[in-house]
Every structure is written in C-alpha cells, then in structure tokens.
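# What the coordinates show
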Amino acid sequence: NNLASISSGYFYRPVLRKQAEARRLGMSAEDFDSLLRKESLSLIKAHPARFLALGVFEIVKLNSFSQVLFLNTDKAKAVFHNSLFLSGLRGALKLLGFLIFILAAIGVVLTYRLRNEWAVLFSVIVYFNLIYLFFDSVGRYAAPIIPYYIFFAALVFRGKKCAE
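Because the structure is predicted, anything quoted here is derived from the model rather than measured. (Residues numbered from 1 in each chain as written. Predicted model: local features only at pLDDT ≥ 70, side-chain atom pairs only at ≥ 80, totals over all residues. Heavy atoms only, no water.)

## Section: the packing of aromatic side chains
- All told, the structure shown has seven aromatic pairs when counted by the stated rule.
- Each ring, one from Tyr 127 and one from Phe 128, has its centre 5.8 Å from the other, and the planes form 90°; the classification is edge-to-face.
- Overall, the relative accessible area of 16% leaves Phe 128 in the buried class.
- Ring plane angle 75° and centroid distance 5.2 Å describe the contact between Phe 151 and Phe 152, whose orientation is recorded as edge-to-face.
- Classification of Phe 152 as buried rests on a relative accessible area of 0%.
- Ring pairs connect the aromatic residues Trp 118, Phe 122, Phe 151 and Phe 152, which therefore count as one cluster. (Phe/Tyr/Trp six-rings, centres within 6.5 Å; stacked < 30°, edge-to-face > 60°. Buried < 20%, exposed > 50% of the residue type's maximum accessible area, 1.4 Å probe, protein only.)

Written out as structure tokens, the structure reads:
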C-alpha cells in the first residue's frame, strides 16, 4: 500500500479517508482504483488551468533542491536548535537550486546549435521535468539530473565559446 507509507502528506489524507470508506463498503482495490481514476480525470477536465498550474508548482518543487538530507533530520534540528539559521540555510540552498536551474536553462539555449551532440542530456532533463509535471515531486527526485544542470550552468560562464 503506497499511500500508507506516505500518508502523513496533506495531499493523501482525503484519499486515505476514501480508501477506508471503500473498504468498509467492501469495494475491491480494482474498483477503488477505477473510482479514483474517473474522479481525477473528471476534476482535470473540469479545471484544466488549475491542473496545469499545479504542474508548474511541481516543477518548482522539483528544481528547488532543498531536500538536503542532513538538514531535514531530527539531529540537524537538535544541533541548530531548530533555529532561524537552519531555515535560512534551507532557504539559501533552495535559492541556489533555482539559480542553478536558471543558469542551466540559459546554458541549454546557448548550446542550441549543438543540440544533436547534446540530445541525450537534453532528453534526460526534459524527461524528468515532464514526468514530475504531473506527479507529486520533491527536490530530492531531481538528484539524478543535478549534475546535468551544473554542466549546462557552467557553460554559461564560457559565454559564446560554448556555442562554437
């Protein structure tokens, strides 16, 4: 049961309540899945702009890189006394993530002429961002593509030379 393992999240509580009600009514897992799918698709159809806005929010979450494991542990909270400094450090890392993402996007634009040579890297970056456009994401999910972001961000500092 995937929902039970992440049930503390605020998006999942209503689903868990519905799941408990479905079990009480004797609904099978397949019927419950079908019910949720129909309900989700009808909500998306009724509110496409909200769905797309949520996708933008998920991309921002994915590319914030604020999920540095050390800073989100109880030990870190104890060491820093859950202080304003800890919040500031997390915020600085989030801003650094946005800066790297923006610089990487500029690097991609600068290397557009070389798109055939960089097609695999472009594809991986686009794949991750498109997948998490429609799913609940967390900054740590971007870990596999952070090196690619850093690579393209570094190209920005090479200026016109990187496009040659």
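## Side note on the packing of helix H6 (residues 84–110) against helix H8 (residues 146–156)
- H8 packs onto H6 with a crossing angle of 65° between their chain directions and a minimal axis gap of 7 Å. Our classification of the angle between H6 and H8 gives roughly perpendicular. With respect to the hand of their crossing, H6 and H8 are arranged in left-handed fashion. For the pair H6 and H8, the contacting residues are Ile 100, Phe 101, Leu 103, Ala 104, Ile 106, Gly 107, Val 108 and Leu 110 in the first and Tyr 149, Ile 150, Phe 152, Ala 153, Leu 155 and Val 156 in the second.
- Class assignment for the residues of the contact of H6 with H8 results in 13 nonpolar, one polar and no charged. (Axes fitted to C-alpha atoms, helices over the stretch in contact; angles between N-to-C directions. Helix = DSSP H or I, 4+ residues; strand = E, 2+ residues; numbered from the N terminus. Parallel < 35°, antiparallel > 145°, perpendicular 65-115°, else oblique. Left-handed = near helix turned anticlockwise from the far one by under 90°. Contact = heavy atoms within 4.5 Å. Nonpolar A, V, L, I, M, F, W, Y, C, P; charged D, E, K, R; others polar.)

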